[in-house]
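For reference, the chains in residue letters:
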Amino acid sequence: MVLLIDTNILQDILQQRIPFYEASKKILDLCGRREAEGYIALHSVSNIYFILRKQYSTEQRCLLLSGVLKVLHVCGIGHEGVVNALERKDFADFEDCLQDECACSVNSSYIITRNINDFKNSKVKAVTPEQFLSIA
């Protein structure tokens, strides 16, 4: 099973955000055990690096993200995928649309996110970590 892990799930883990940490960590653990093939969108890497700047030093952020990338593969979309995302009118948030396009690019089974309402028009079904764990 292929999963695209949304930025907020990795934030939950790297910032140990309670009460979301435990379920989000279980998703990453599934990918680490290769029970699921996990992906992170290329733009999520830079977003997370930026978001963590107040909490972690440059060296710490690089180590944290390097650890994540030992478990998750990076996927991206090229010119055509970005143009497709720009032309889609079914997303209120462009970044979420990019996540959906990235999920499509790797034939993802699910987008794992805490913001499933933001993905109501996605091509790939969005589920919360708890929802995924209950069906996995």
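All of these numbers come straight from a predicted model, not from anything done at the bench.

Peer 1: Can you help me understand the overall build of the protein chain in this one?
Peer 2: For the protein chain, the helix and strand inventory stands at seven helices and five strands. Ordering the α and β elements of the protein chain from the N terminus gives β-α-α-β-α-α-β-α-α-β-β-α. The C-alpha radius of gyration of the protein chain comes to 14 Å, within 12% of the 14 Å expected for a compact globule of 136 residues. Projected onto the principal axes, the alpha-carbon positions of the protein chain cover approximately 35 × 35 × 25 Å. Within the protein chain, buried positions represent 46% of all 136 residues.

Peer 1: Even after reading the chapter, I still don't get the side chain of Q99, so can you show me in this structure?
Peer 2: Take Q99: it is sitting in helix α6 (residues 94-105). Here the side chain of Q99 touches E95 through a polar contact of 3.0 Å, side chain to side chain. With near-sequence residues (within four places) excluded, Q99 lies in contact with L4, D6, T7, A41, H43, S44, I111 and F119.

Peer 1: Could you clarify how one ought to interpret the sheet that holds strand β5 (residues 126-127) in this entry?
Peer 2: Note on sheets: strands pair through backbone hydrogen bonds, and any given pair is parallel or antiparallel. With respect to topology, five strands assemble into an open sheet ordered β3-β2-β1-β4-β5, the strand pairing being parallel. One side of each edge strand has no neighbouring strand; the edge strands of this open sheet are β3 (73-75) and β5. As paired strands, strand β4 (residues 110-112) and β5 are joined by two bridges and run parallel to one another. Across the sheet, I111 pairs through a bridge with A126, a residue of β5. Against the sheet, helix α3 (residues 42-51) makes contact with β2 (37-41) and β3, and its axis sits at roughly 65° relative to β2, the strand it touches most.

Peer 1: How do you make sense of the pairing of β2 when you look at a structure like this?
Peer 2: Strand residues, when the strand is regular, have side chains that alternate between the two faces of the sheet. Of all five residues making up β2, four are buried, and the element is well covered by its neighbours. Relative to β2, strand β1 (residues 2-5) runs parallel, the two sharing three bridges. Across the sheet, residue L3 finds its bridge partner in β2, namely G38. Pairing of β2 with β3, which is carried by three bridges, proceeds in the parallel orientation. Bridging from a neighbouring strand, A41 pairs with C75 of β3.

About the thresholds
- Residues numbered from 1 in each chain as written.
- Predicted model: local features only at pLDDT ≥ 70, side-chain atom pairs only at ≥ 80, totals over all residues.
- Heavy atoms only, no water.
- Helix = DSSP H or I, 4+ residues; strand = E, 2+ residues; numbered from the N terminus.
- Rg over C-alpha atoms; globule rule 2.2 N^0.38 Å.
- Buried < 20%, exposed > 50% of the residue type's maximum accessible area, 1.4 Å probe, protein only.
- Polar contact = N/O pair within 3.5 Å; in protein donor to acceptor, adjacent residues only side chain to side chain.
- Contact = heavy atoms within 4.5 Å.
- Pairing = 2+ DSSP bridges.
- Axes fitted to C-alpha atoms, helices over the stretch in contact; angles between N-to-C directions.

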